[in-house]
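Summary of structural features
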Amino acid sequence: MEISKLLCKNLREKPETRRASRKLGNRDINKLIRMGLNENVWGVSPKALRAMKETAELGNYYQDWTQKEIKGAISEHYDVPTDFIVTGCGSSSLTDALGTAFLEEGDEVLLCMPTFPAIIDTAQMNGATPVIVNMKEDLKYDMDALLAAITDKTKMVYICNPNNPTGTYVRHEVLLDFAKKCPDHVIQVYDEAYIEFAEASDCIEMVGAMKELPEKPIVLLKTFSKFYAMAGIRMGYVLAQPEIIEWLSKCGTQFATSKVSQAGAAAAIKDTEHCTYVKEQNAIWRKYLTDELIKLGCDVYDSQTNFVFFHPHVDPGAVAEKMADRGIMISAQAGANRVSVGKPEHCKLFIQYLKEIIEELQ
Ligand SMILES: Cc1ncc(COP(=O)(O)O)c(C=O)c1O
């Protein structure tokens, strides 16, 4: 039997997934210094670790599928009622749920490139068409172009703020203006995976807009993978008006998260001491990477995240390859390289290797 003949049309016709960081060749990911996936090297909150260990001992019992503790913790953190929250196995699974709930053939999903491409997969898996608007030359969002590209067919617009892979952000007042002008038939998805790392005073979460503009279908994608250093634990959530949450809750989310991830995330979001430590360390080493890359003659984009995007002025693919040969995984995409903030000794090693590699390739 040819299984491919049994596939549904959308999967059969779907182009290859676009995630750049998967291009590792035969290399063993566990043997590389990982500065290619925007993981958080400052570690899981000690309080979250304790909560997860304790909860794991009760792993023979099903989790609380009403998710009282984790929803309670998120609700308190953002001052939103719990019916504004749905959790999932990382925010990627909630992007999928958005597709299942809202996208179908004939719909268009608007996005700016380069960005995190999961939304493209989601659109295609549901028969919708991704429509791409280019970023401006400085690799910032072109919100006017995005607004102008909206048609009757546009079902969803995806905005990653701050953006992966560029690290750049849209000023809050510009986003607010867009949110108000965006027609009501368009679901506005704001992916805020990295926003907790942001230091610019006008790089702000859209939770206020989501609460204050109830007539607009505004969806915030949030994750514990980045700032809370729980990428492997798999916990993400959506903040949106209750009607949207109700539909997303019917798309495979209710039993998706484990009792371990729920307990860990609830403890992590409350651990303000660890959050402060992560934010400070990230800022110090992001600045180190930025400064050293500039000294090496690279063009560097100002980042509000835990990674830095740069043009090395030599072939970025070759840079990533040679870096992986030396044991460090970084990413090459959109004609440039992206390096995640690593442990201090790894940041220094990366800069040392990059100097050698640029000289080799020049
Ligand atoms: C912008 C953005 N959104 C979402 C994700 C995925 O997050 P999660 O681990 O919660 O699925 C990533 C991961 O790299 C990302 O860069």
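Residues numbered from 1 in each chain as written. Predicted model: local features only at pLDDT ≥ 70, side-chain atom pairs only at ≥ 80, totals over all residues. Heavy atoms only, no water.

Some details on the site of the ligand
Quick reminder of the rule: To be near a molecule or strand, a residue needs just one of its heavy atoms within 4 Å of it. Any pair of N or O atoms that falls within 3.5 Å is considered a polar contact. Within protein, one atom must be able to donate a hydrogen and the other to accept it, and sequence-neighbouring residues count only if both atoms are side-chain atoms. Here, Shrake-Rupley sampling with a 1.4 Å probe gives the accessible areas, and only protein chains in the shown set may cover a residue. Put simply, DSSP H or I for four residues or longer makes a helix, DSSP E for two residues or longer makes a strand, and each gets a number counted from the N terminus. When residue character is reported, Ala, Val, Leu, Ile, Met, Phe, Trp, Tyr, Cys and Pro are called nonpolar, Asp, Glu, Lys and Arg charged, and the others, Gly included, polar.
Around the ligand, a shell composed of 13 residues is seen, among which Ser-91, Ser-92, Tyr-194, Thr-223 and Ser-225 lie nearest. Measuring from a nitrogen atom of the ligand, one finds a side-chain N or O atom of Asp-191 at 2.7 Å. In the environment of the ligand, an oxygen atom lies 2.9 Å from a nitrogen or oxygen atom belonging to the side chain of Lys-226. Relative to its unbound accessible surface of 400 Å², the ligand loses 92% to contact with the protein. The leading source of residues in the shell around the ligand is helix 4 (residues 90-102), at three residues. Classifying every residue of the shell around the ligand by side-chain character gives four nonpolar, six polar and three charged.

Some thoughts on helix 10 (residues 259-270)
Which entries qualify depends on this criterion: How far a helix is expected to stretch is found by multiplying one less than its residue total by 1.5 Å. Residue exposure (1.4 Å probe, protein chains only): buried if accessible area is under 20% of the type maximum, exposed if over 50%, otherwise partly exposed. Two residues qualify as a contact provided that any one of their heavy atoms is within 4.5 Å of a heavy atom in the partner residue.
Taking 1.5 Å of rise per residue, twelve residues should cover 16 Å, and helix 10 covers 17 Å from first to last C-alpha, within 8% of that figure. The buried fraction of helix 10 amounts to ten of the twelve residues, a majority that puts the element mostly inside the structure. Along helix 10, the residues that are buried comprise Lys-259, Ser-261, Gln-262, Ala-263, Gly-264, Ala-265, Ala-266, Ala-267, Ala-268 and Ile-269. Taken together, the buried residues of helix 10 touch helix 2 (46-56), helix 3 (68-78), strand 8 (236-239) and helix 11 (272-295).

Some details on the domain arrangement of the protein
Where we set the bar: An automatic or database domain assignment provides the domain bounds reported here. One side-chain nitrogen of Lys or Arg within 4 Å of one carboxyl oxygen of Asp or Glu is enough to make a salt bridge.
For the protein, the assigned domains read domain 1 (3-43 + 273-361) and domain 2 (47-270). A C-alpha centroid distance of 23 Å is found between domain 1 and domain 2. If you look at the interface, domain 1 gives 29 residues, while domain 2 gives 35 residues. The interface formed by domain 1 and domain 2 includes three salt bridges. When the shortest N-O distance is used, the salt bridge between Asp-121 and Lys-14 registers 2.9 Å.

Focus on the pairing of strand 2 (residues 85-88)
Condition: Two strands are said to pair when DSSP picks up at least two bridges between them.
Of the two faces of strand 2, the one holding Ile-85 and Thr-87 and the one holding Val-86 and Gly-88 are both buried throughout. Two elements, strand 2 and strand 8, share four bridges in a ladder whose sense is antiparallel. Of the residues in strand 8, the one forming a bridge with Ile-85 is Leu-239.

Topic: the sheet that holds strand 8
Stated formally: Note on method: axes are straight lines fitted to C-alpha atoms, helices fitted across the in-contact stretch only, with angles between N-to-C directions ranging 0 to 180 degrees.
Pairing is mixed across the open sheet formed by seven strands, whose spatial order is 2-8-7-6-5-3-4. Edge positions in the open sheet fall to strand 2 and strand 4 (129-134), since each of these has one partner strand only. Each strand axis lies, on average, 25° off the axis of its neighbour in the sheet, ignoring direction. Summarising the sheet, strand 5 (residues 154-160) and strand 6 (residues 187-191) pair through five bridges and their orientation is parallel. Counted as the bridge partner of Tyr-158 is Val-189 from strand 6.

Digging into the sheet that holds strand 13 (residues 336-340)
Here four strands make up an open sheet; going across it, the order is 9-10-13-12 and the pairing antiparallel. In this open sheet, the two edge strands, each paired with only one partner strand, are strand 9 (299-300) and strand 12 (331-333). Two elements, strand 12 and strand 13, share three bridges in a ladder whose sense is antiparallel. Along strand 13, the bridge assignment pairs Ser-331 with Arg-338. Sheet strands in contact with helix 12 (residues 316-325) are strand 12 and strand 13, and its direction is about 35° off that of strand 13.

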